[in-house]
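Geometric and topological summary
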Amino acid sequence: MNKPHFQIWPMSESDAAAVCEWRYPAPYEQFRWPSWRAMTRDGKEFGDPEIRRRQYVSICDENSALVGYAQFFPMEGVVRLGMGMRPDRCGQGGGAAFARAIALEAGSRYPGAQIDLEVETWNSRAVRAYEKAGFKVADQYSRQAAHGEVDVYCMVFGG
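Calculation notes
- Residues numbered from 1 in each chain as written.
- Predicted model: local features only at pLDDT ≥ 70, side-chain atom pairs only at ≥ 80, totals over all residues.
- Heavy atoms only, no water.
- Salt bridge = Lys/Arg side-chain N within 4 Å of Asp/Glu carboxyl O.
- Helix = DSSP H or I, 4+ residues; strand = E, 2+ residues; numbered from the N terminus.
- Buried < 20%, exposed > 50% of the residue type's maximum accessible area, 1.4 Å probe, protein only.
- Arc of directions from axis to C-beta.
- Contact = heavy atoms within 4.5 Å.
- 1 Å grid on protein atoms, 1.4 Å probe; cavity = no way out; pocket = protein on both sides within 12 Å on 5 of 7 lines; lining within 4 Å.
- Points joined across faces, edges and corners; volume = space filled by probe spheres on them.
- Nonpolar A, V, L, I, M, F, W, Y, C, P; charged D, E, K, R; others polar.
- Pairing = 2+ DSSP bridges.

Right, let's talk about the pattern of salt bridges for a bit. Applying the stated rule across the entire model yields 9 salt bridges. Two residues, glutamate 50 and arginine 53, come together in a salt bridge whose shortest N-O distance is 2.5 Å. Of this pair, glutamate 50 and arginine 53 both sit in helix α3 (residues 49-55), 3 residues apart, roughly one helical turn. Judged by relative accessible area, which is 58%, arginine 53 ranks as exposed. Glutamate 118 serves as the salt-bridge partner of arginine 143, at 2.6 Å between the closest nitrogen and oxygen. One end of the pair, arginine 143, is in strand β6 (residues 135-145); the other, glutamate 118, is in strand β5 (residues 114-120), with 25 residues separating them in the sequence. The exposure class of glutamate 118 is partly exposed, given its relative accessible area of 23%. Here the salt bridges do not stand alone but share partners, grouping Arg80, Asp116, Glu118 and Arg143 into one network.

The following block contains the structure:
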């Protein structure tokens, strides 16, 4: 079987609007974004053109179809990743390759920085994919999210 090949491009406004249309089945529905209209009105995340330009990329397949997005959030010596895969691509076994491609891209953009991400502890499907991609749990804590207080693992990429 061929490994999936991903193209990573600056996130366009049309890709950002498309991501806002994605609807995930339970129990993942809490990961959907507000409407594109609300995102641009409030200047939230990739709804703000400057944040989108500095931090967000579109992930496309070999046919240039949008399959996901990633955020590279630089901190002191660390790049925190955020990512989302198109709902119809989730649960099909491609998450590890997707996450690994994003982590390797972050490493090339920010040489020497630690690459990490946060994942809610209940989300075993994502945790397994991240582990297969080369991430390891480094910490566990609670934090505030848009949908309430959540328990998360901080996972660090080890290559």
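Here helix α1 (residues 13-21) has its buried residues at Asp15, Ala16, Val19 and Cys20. Projected down its long axis, α1 shows its buried positions confined to an angular sector of 145°, all on one face. Relative to its buried face, α1 has exposed residues pointing more than 90 degrees away, namely Ser14 and Glu21. Residues of α1 that are buried make contact with α2 (36-42), α3, β2 (56-60) and β3 (66-75).

Of the pockets and cavities examined, the largest pocket occupies roughly 1500 Å³. Forming the walls of the largest pocket are 46 residues, and the residues nearest its centre are Phe31, Tyr69, Met83, Glu118 and Tyr130. When residues of the lining of the largest pocket are traced back to their parent elements, those giving at least two are β3, β4 (78-85), α4 (95-109), β5, α5 (124-133) and β6. The class makeup of the residues in the lining of the largest pocket is 23 nonpolar, 12 polar and 11 charged.

Next up on the list: unusual backbone geometry. Cis geometry marks the peptide bond from alanine 26 to proline 27, where omega comes out at 5°. For proline 27, the location among the structural elements is in the loop between α1 and α2. Of note in the backbone geometry, glutamate 45 takes a positive phi value of approximately 45° without being a glycine. Here glutamate 45 shows up in the loop between α2 and α3. For glutamate 45, a relative accessible area of 28% corresponds to the partly exposed category.

Take the pairing of strand β7 (residues 148-157) next. Burial analysis of β7 places 7 of its 10 residues in the buried class, which makes it a mostly covered element. The pairing of β5 with β7 spans 5 bridges and is classified as antiparallel. Note that in β7 the partner of valine 119 across the bridge is tyrosine 153. Bridging between β6 and β7 involves 10 bridges; their strand directions are antiparallel. By the bridge assignment for β7, aspartate 139 is matched with cysteine 154. Hairpin connection, β6 to β7: the antiparallel pair is bridged by 2 residues.

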